[in-house]
Amino acid sequence: MNRRKFVKKTTLAAMTGVVGCDIVFGTVMPRGYVPLSLQDPDPFTLFDKDRGMVVLNDRPWNMEARVHLLDDRITPSKYMFIRNNGLIPEDIAVENWVLTVDGESVQQKKRYTLQDLKSKFAHHTYQLTLECGGNGRSEFNPPAKGNQWTIGAVSCAEWTGVRLRDILEDVGLKDTAVYVAYHAADLHLSRNPEKEPISRGVPMDKAMQDETLLAFAMNGRDIPMVHGHPLRLVAGGWPASASGKWVNRLSIRNKIHDGPKMGGSSYRVPCNPVAPGEKVADEDMCIIESMPVKSLITYPKSGAMISEGKKLNIRGHTWAGELEVKKMEYSIDFGSTWETCALEKPANRLAWQHFSASIDFPKKGYYEIWARATDAKGTSQPMLLPGWNPKGYLNNACHRIAVKVV
Ligand SMILES: Nc1nc2c(c(=O)[nH]1)N[C@H]1C(S)=C(S)[C@@H](COP(=O)(O)O)O[C@H]1N2
Ligand SMILES: [Mo]
């Protein structure tokens, strides 16, 4: 006999109970082994995601979309990237969910149940672009630590909720108010309840915008658990880290919020450009606010083949943080010349815009299609890489796909 330690009878009985029938060769299962039917479901099942999504990390869960999955005008939940800094809350009792609004600069601390929020304030729906500040990080050199996002950490879903401004007016602000900070129900990776994985937020002028929501629905349904059920702050156009999931407390601060992931190199970039790899002092780092102009070709997939003489119809989305995108172009000659794409207006401010073009190729062979957006201030995407920064944020380089004309 080999020296494997076999499962104990008592453990086997317990497992049999959970599996619901006899585990036939259960006595020879290695000790410590968990039968597949008792193991956690895979993340695609767990979070109801498409199997084409890419898992970047499982502790905490981080997942991004492949670019062709982002082809929809409004991103369905199954194609929405997941970014967690901690552990997803385990037991959410919606009936007992309370939002506390407090802080140095609040007239009167208040508490709202979900029902209060839904019944006392008007509901608003907006399509809002949420992009992780670190989207595109994988391309920077020297490399930055953190999830190696390629280009799929962006979404534009339709969010419904109450305006943050309406709640702030209901509690009353002191004129010392500077920042609205969120606190949430997720757990620190250490499981220490004293520690918060992340607590960020937005300055007052962003908090007061029409489109800044405390949302309770996404794409017409309850927000999926992994995206912040039952209540989420949504501040479109800003790094998505400002949009707190599972929010149970807002704190009106009389200074720039100093919660976890507000300082150092977290969601901050050098105020002035630095050389790649350069050390940057804390006081020379600035908090990321509006995200830069960017675009993605979501159809066709890179590697597409088309027959000679046929036109290729491309399409995609473009966004520019707080700004509108004013011009969308493509190039098939590595950026030597650019042609204009058709560009739609956004559904509302802070929603991504859709573009399309019909492309003729001069002859058979290999081509790349590069896409470049220009925002309302005349700023265009860099062709290859923008300025390096210690944590690899804000990579808004032109998206490129390869095609073969055969
Ligand atoms: N409570 C809480 N809110 C959070 C986070 C988090 O870890 N905890 N991650 C933030 C970051 S960094 C991003 S990019 C977005 C991701 O949102 P999503 O997972 O719904 O796509 O949520 C933000 N809100
Ligand atoms: Mo993020």
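Since we're looking at a predicted model, the values are computed, not measured.

Residues Leu99, Val101 and Leu250 are the most contacted members of the largest nonpolar core, which totals 57 residues. Listing elements by their share of this core, those giving two or more residues are β4 (98-102), α3 (114-120), β7 (154-163), α4 (164-171), β8 (179-184), α5 (204-207), β10 (213-218) and β13 (247-253). Each of domain 2 (94-287) and domain 3 (294-405) gives at least three residues to this core. In contact with valine 101, other than residues within four places in its own chain, are Val106, Lys109, Lys110, Tyr112, Ile167, Val171, Leu250 and Ile252.

Residues Leu164, Arg165, Ile167, Leu168 and Val171 constitute the buried set of α4. In an axial view of α4, the angular spread of the buried residues amounts to 160°, which keeps them on one side of the axis. Once α4 finishes, glycine 172 follows within two positions and takes phi at roughly 80°, a positive value.

Looking at ligand 1, there are 18 residues lining it, with Phe81, Asn85, Asp186, His227 and Lys245 nearest. Interatomic distance of 2.6 Å between a side-chain N/O atom of aspartate 186 and a nitrogen atom of ligand 1. The protein chains hide 100% of the 540 Å² of surface that ligand 1 would expose on its own. Cavity membership is defined here by more than half of the atoms lying within 2 Å of grid points; on that basis ligand 1 lies in the largest cavity. Partitioned by chemical class, the residues of the shell around ligand 1 number 8 nonpolar, 6 polar and 4 charged.

Now for unusual backbone geometry. Look at the link from asparagine 141 to proline 142: it is a cis peptide, with omega at -5°. Secondary-structure assignment places proline 142 in the loop between β6 (123-131) and β7. Following tyrosine 299, the chain continues into proline 300 via a peptide bond in cis, with omega recorded as 0°. In this structure, proline 300 sits in the loop between β16 (294-299) and β17 (304-306). With a phi close to 75°, leucine 350 is a non-glycine residue in the positive phi region. On the secondary structure map, leucine 350 appears in the loop between β21 (342-343) and β22 (353-359).

Strands belonging to one sheet form pairs held by backbone hydrogen bonds; the direction of such a pair is parallel or antiparallel. With antiparallel pairing, the 4 strands of this open sheet are ordered in space as β16-β18-β22-β21. Only two strands of the sheet have a single partner each, and these edge strands are β16 and β21. Two strands pair when backbone bridges link them, and β21 and β22 are joined in this way by 2 bridges, in the antiparallel orientation. Bridge assignment links alanine 342 to a residue of β22, and that residue is serine 356.

Across all of its chains, the model carries 2 cavities of 30 Å³ or more by this definition. When its volume is computed, the largest cavity comes out at roughly 270 Å³. Taken together, 22 residues make up the lining of the largest cavity; nearest its centre are Arg83, Arg232, Ala240, Ser243 and Lys245. Where the lining of the largest cavity is concerned, the elements lending two or more residues are β3 (82-83) and β8.

On to the side chain of asparagine 85, then. As for its placement among the helices and strands, asparagine 85 is situated in the loop between β3 and β4. By relative accessible area, asparagine 85 is classed as buried at 12%. Polar side-chain contacts of asparagine 85 include one of 3.0 Å to the side chain of lysine 261. Apart from the residues within four sequence positions on either side, asparagine 85 is in contact with Pro60, Leu189, Pro197, Ile198, Lys261 and Tyr267.

Criteria and thresholds
Residues numbered from 1 in each chain as written. Chains lettered and ligands numbered in written order. Predicted model: local features only at pLDDT ≥ 70, side-chain atom pairs only at ≥ 80, totals over all residues. Heavy atoms only, no water. Core = buried A, V, L, I, M, F, W, Y, C linked by side-chain atoms within 4.5 Å. Buried < 20%, exposed > 50% of the residue type's maximum accessible area, 1.4 Å probe, protein only. Helix = DSSP H or I, 4+ residues; strand = E, 2+ residues; numbered from the N terminus. Domains from an automatic or database assignment. Contact = heavy atoms within 4.5 Å. Arc of directions from axis to C-beta. Near = heavy atom within 4 Å. Polar contact = N/O pair within 3.5 Å; in protein donor to acceptor, adjacent residues only side chain to side chain. Areas by Shrake-Rupley, 256 points an atom, 1.4 Å probe, with all protein chains shown as cover. 1 Å grid on protein atoms, 1.4 Å probe; cavity = no way out; pocket = protein on both sides within 12 Å on 5 of 7 lines; lining within 4 Å. Sits in = over half its atoms within 2 Å of the grid points. Nonpolar A, V, L, I, M, F, W, Y, C, P; charged D, E, K, R; others polar. Pairing = 2+ DSSP bridges. Points joined across faces, edges and corners; volume = space filled by probe spheres on them.

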